[in-house]
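# Overview (structure and organization)
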Amino acid sequence: MSRKKLLVIVGILGLGLAAVSFVGGSVGAIITGREPLSVFRVASPHVELAAGKPFPGFPVTNTMIAAWVTVLVLLVLFFIATRRMKLVPSGLQNLVEFLCETASGFMEDIAGKENERRFFPVVLTIFLFVLLNAWIGLIPGFETIRVNGVPLLRSANTDINVPLMLALVAVTAVEYWGFRARKVSYLKTFLDFGEMGQGFVQLLRGRIETGLGGILRGIIAAFVGVLEILSHLVRVVSFTFRLFGNMMAGVILTGVMIFIVPLVIPSVFYGLEAFLGLVQALIFGGLTLVFGYAAVTAAEQ
Amino acid sequence: MGIGLDLATFIGQLVSFLILLGLLTYFGYKPVRRMLEERSNRIRESMEQADATRKEYERAETEAERRINRAREEARLIVVEAGKFRDKLMEEARSEARQETHAIIDRTRAELEQERREIADELRREFADAAVLAAGKIIGESLDREKHRKLIEQALDESAFSRELEGH
């Protein structure tokens, strides 16, 4: 009972704070015609798709610095966790083992034990990189600490180059796995002229009907191959813009919410963003895994 | 300003990602996976070992039970044997004792008989002497002891006294 009461009190207080910050903030100021209270004055959000370069003259972007932070965090985490591995794990070793085991189980369920070994490093690294990029972007200071008028740090996922880079890595890995597993038969999914050739052979032997039929089917097969090539190229685009769009939208949404209601409500969106980051990381890693599995298994239905 | 595509940034990000991928693969995932594998092997081994131990224990238990049963059976047989032996011994002892007793009784009886006979003879002689003496006194002359003894003994034999001495 008292727990419930406490929850209600906290809820009311939160809503009150939100209401006060809304009325006292920039939007409230426009409605009431007053100046916004100084504590609630938030710079109006302005969307900047390209990553900024905080140090003029240096080609290092703020997203690159953020990516380095992500890389460093991951490396340090794994370094500390695997420095003195014990058979009975403790501390960070538990965390890392949990990560690896969960990921490994997930991949094994989808792609089987054989493929899991091959897919594991790329898929898990993509997942961790995307996840940490998203979560690190939620730390206060990102987007707000400015050097030379440019944010010093910005979530790497919101830089189109990063999703594009990840997409290319993922698709390249998928094509590599497919080719390694199936060699020439994998290339046949894209360039299938076997039937057309058979058709021409039949035609030369004088069997005009079967020959023409073969050529016709060959043309269809070749066209299917072209479609396959296109679909694989489209994967790069969809990978890129799914991640970029979601992350950018998250940043913009949070910025707008902070501008409208400076208190309480943005916290909810922060939680949402954290969840969204996890989902996007799962989607990126999961799709890489599924495409990879589709590539290594024969496509015949 | 556009969407921000930039070759330098792209390459920079690619390089940092590939470094991350390489380092994590060789210094992160590999030891962790090796450890996980080792642990699962260890657990499987110890479980198999426990299983083997349990089986061994069960086997030993049945073996012990079998042995105990055999020992019990043996003990029972020994007890039965011992009982028989005891019976035999007692029987032997009893018959020996009986024989001994009989022997003692017989011997004693023979000795008694001998004794009685001697006493009877003694008495008879003394009685005869006394009779001869008495008769001599009465007649006034000394009777010839040897001569008359026969006579007296004959008379004694015929008397009840002698018969009493003879018959027991």
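Note that the structure is predicted; figures quoted are calculated from it, not measured. (Residues numbered from 1 in each chain as written. Chains lettered and ligands numbered in written order. Predicted model: local features only at pLDDT ≥ 70, side-chain atom pairs only at ≥ 80, totals over all residues. Heavy atoms only, no water.)

## Section: the packing of helix 8 (residues 208-260) of chain A against helix 9 (residues 265-296) of chain A
Residues and elements named next belong to chain A. What counts here: Note on geometry: axes are lines fitted to C-alpha atoms, helical ones only across the stretch in contact, with angles between N-to-C directions running from 0 to 180 degrees. Labels follow the DSSP assignment, with helices taken as runs of H or I lasting at least four residues and strands as runs of E lasting at least two, numbered in each case from the N terminus. In these notes the angle categories are as follows: under 35 degrees is roughly parallel, over 145 is roughly antiparallel, 65 to 115 is roughly perpendicular, and the rest is oblique. For this classification, Asp, Glu, Lys and Arg are treated as charged, while Ala, Val, Leu, Ile, Met, Phe, Trp, Tyr, Cys and Pro are nonpolar and the rest, including Gly, are polar.
Running from N to C, helix 8 and helix 9 point in directions that differ by 175°, and their axes come no closer than 9 Å. Regarding the angle of helix 8 to helix 9, the classification is roughly antiparallel. A class-by-class count of the residues in the contact of helix 8 with helix 9 yields 16 nonpolar, six polar and three charged.

## So, the confidence of the model for chain B
Rule in force here: Values of pLDDT, which run from 0 to 100, indicate the predictor's confidence residue by residue.
For chain B, mean pLDDT is 87; residues scoring 70 or higher make up 89% of the total. Of all helices and strands in chain B, the one with the weakest mean pLDDT is helix 3 (residues 160-166) of chain B (60), whereas helix 1 (residues 7-139) of chain B scores best (92).

## Some words on the interface of chain A and chain B
Where we set the bar: Working rule for contacts: check all heavy atoms of both residues, and any pair within 4.5 Å makes them a contact. As a working definition, buried area equals the accessible area (1.4 Å probe) given up by two parts on being put together, with both sides summed. A pairing counts as a salt bridge when a side-chain nitrogen of Lys or Arg comes within 4 Å of a carboxyl oxygen of Asp or Glu. Two N or O atoms count as a polar contact when they lie within 3.5 Å, although within protein this holds only if one can serve as hydrogen donor and the other as acceptor, and sequence-adjacent residues are included solely when both atoms are side-chain atoms.
The interface of chain A with chain B comprises 45 residues on the first partner and 30 residues on the second. Together chain A and chain B conceal approximately 3300 Å² of surface at their shared face, both sides included; 75% is due to carbon and sulfur atoms. The tally of links between chain A and chain B comes to three salt bridges. One salt bridge connects Arg39 of chain B with Glu97 of chain A, and the closest N-O pair in it is separated by 2.8 Å. Between the two partners, chain A and chain B, sit eight residue pairs in polar contact (both at pLDDT 80 or more). Of all the secondary-structure elements, those providing two or more residues to the side of chain A that touches chain B are helix 3 (62-83), helix 4 (92-136), helix 5 (161-182) and helix 8 of chain A. A total of 16 residues in the side of chain A that touches chain B trace back to one element, the largest contributor, which is helix 4 of chain A. In terms of residue class, the side of chain A that touches chain B is made up of 30 nonpolar, seven polar and eight charged.

## A few points about a nonpolar patch on the surface
Residues and elements named next belong to chain A. Put simply, the test is: Patch membership requires more than 30% relative accessible area and the absence of a salt bridge. Residues of like charge join within 9 Å; the nonpolar side chains Val, Leu, Ile, Met, Phe, Trp and Tyr join within 5 Å. Each accessible area is a Shrake-Rupley estimate made with a 1.4 Å probe; only the visible protein chains count as cover when residues are assessed. Relative accessibility decides the category of a residue: with a 1.4 Å probe and only protein chains considered, values under 20% of the type maximum give buried, values over 50% give exposed, and everything between is partly exposed.
A grouping of Leu191, Phe193, Phe223, Val226, Leu227, Ile229, Leu230 and Leu233 is seen on the molecular surface, where their side chains present a nonpolar patch of about 780 Å² in accessible area. Of note, Leu230 is situated in helix 8. Given the relative accessible area of 45%, Leu230 is considered partly exposed.

## Focus on helix 1 (residues 2-24) of chain A
Residues and elements named next belong to chain A. Spelled out, the test is: Multiplying 1.5 Å by the helix residue count minus one yields the expected span of that helix.
Look at helix 1: 32 Å from first C-alpha to last across 23 residues, which is about the 33 Å you get at 1.5 Å a residue. Of all the residues in helix 1, the buried ones are Gly14, Ala18, Ser21 and Gly24. In the core, the buried residues of helix 1 are packed alongside helix 2 (26-32) and helix 9.

## Brief notes about the domain arrangement of chain A
All names here are of chain A. Note the threshold: Here the bounds of each domain stem from an automatic or database domain assignment.
Domain boundaries in chain A define domain 1 (1-41) and domain 2 (42-300). Summarising the inter-unit geometry, the C-alpha centres of domain 1 and domain 2 are found 39 Å apart. In this complex, domain 1 contributes nine residues to the contact, which on the side of domain 2 involves nine residues. Around 790 Å² of area is buried between domain 1 and domain 2 when both sides are counted, 75% of it from carbon and sulfur atoms. Together, Ser26, Val27 and Phe40 form the three largest contributors to the area buried by domain 1 at its contact with domain 2, with a combined 38%. Here domain 1 is connected to domain 2 by one residue pair in polar contact (both at pLDDT 80 or more).

## A closer look at the nonpolar core
For the record, the criterion: What we call a nonpolar core is a set of buried Ala, Val, Leu, Ile, Met, Phe, Trp, Tyr and Cys residues that are connected through their side-chain atoms within 4.5 Å.
Ranked by internal contacts, the top residues of the largest apolar core, which has 63 residues, are Cys100, Leu124, Phe129, Leu166 and Phe284 of chain A. Secondary structure elements with two or more residues in this core: helix 3, helix 4, helix 5, helix 8 and helix 9 of chain A together with helix 1 of chain B. A per-element tally of this core places helix 4 of chain A first, with 20 residues. Setting aside its immediate chain neighbours within four residues, Phe284 of chain A contacts Ile126, Val130, Pro163, Leu166, Ala167, Ala170, Phe239 and Leu243 of chain A.

## A short note on the packing of helix 4 of chain A against helix 9 of chain A
Residues and elements named next belong to chain A. Note the following rule: Here is the rule for handedness: rotate from the far helix to the near one, and if that takes an anticlockwise turn smaller than a right angle the crossing is left-handed, while a clockwise turn gives right-handed.
Orientation of helix 4 relative to helix 9, taken along the N-to-C sense of each, is 150°, at an axis distance of 8 Å. Relative to helix 9, the crossing made by helix 4 is right-handed. The residue inventory of the contact of helix 4 with helix 9, partitioned by class, reads 21 nonpolar, six polar and no charged.

## Quick word on the packing of aromatic side chains
For any two aromatic rings, the description comes down to two numbers: the centre-to-centre distance and the angle of the planes. Condition: Any pair of Phe, Tyr and Trp rings, taking the six-membered ring for Trp, is counted once the centres come within 6.5 Å. Such a pair is stacked with planes under 30 degrees apart, edge-to-face with planes over 60 apart, and tilted for the rest.
For the structure shown, the criterion picks out eight aromatic pairs over all chains. An angle of 85° between the planes, with centres 5.6 Å apart, marks the rings of Phe78 of chain A and Tyr29 of chain B as edge-to-face. A residue pair is termed interchain when its members come from two chains, as with Phe78 of chain A in helix 3 and Tyr29 of chain B in helix 1. Taking relative accessible area as the criterion, Tyr29 of chain B reaches 1% and is therefore assigned buried. Plain terms: the ring middles of Phe120 of chain A and Tyr29 of chain B are 5.3 Å apart, the flat faces sit at 80° to each other, and that makes the pair edge-to-face.

## Details of the confidence of the model for chain A
A residue-level look at chain A finds 98% of positions with pLDDT of 70 or above and a mean pLDDT of 88. The element-level mean pLDDT for chain A is lowest in helix 2 of chain A, coming to 80, with helix 5 of chain A highest at 94.

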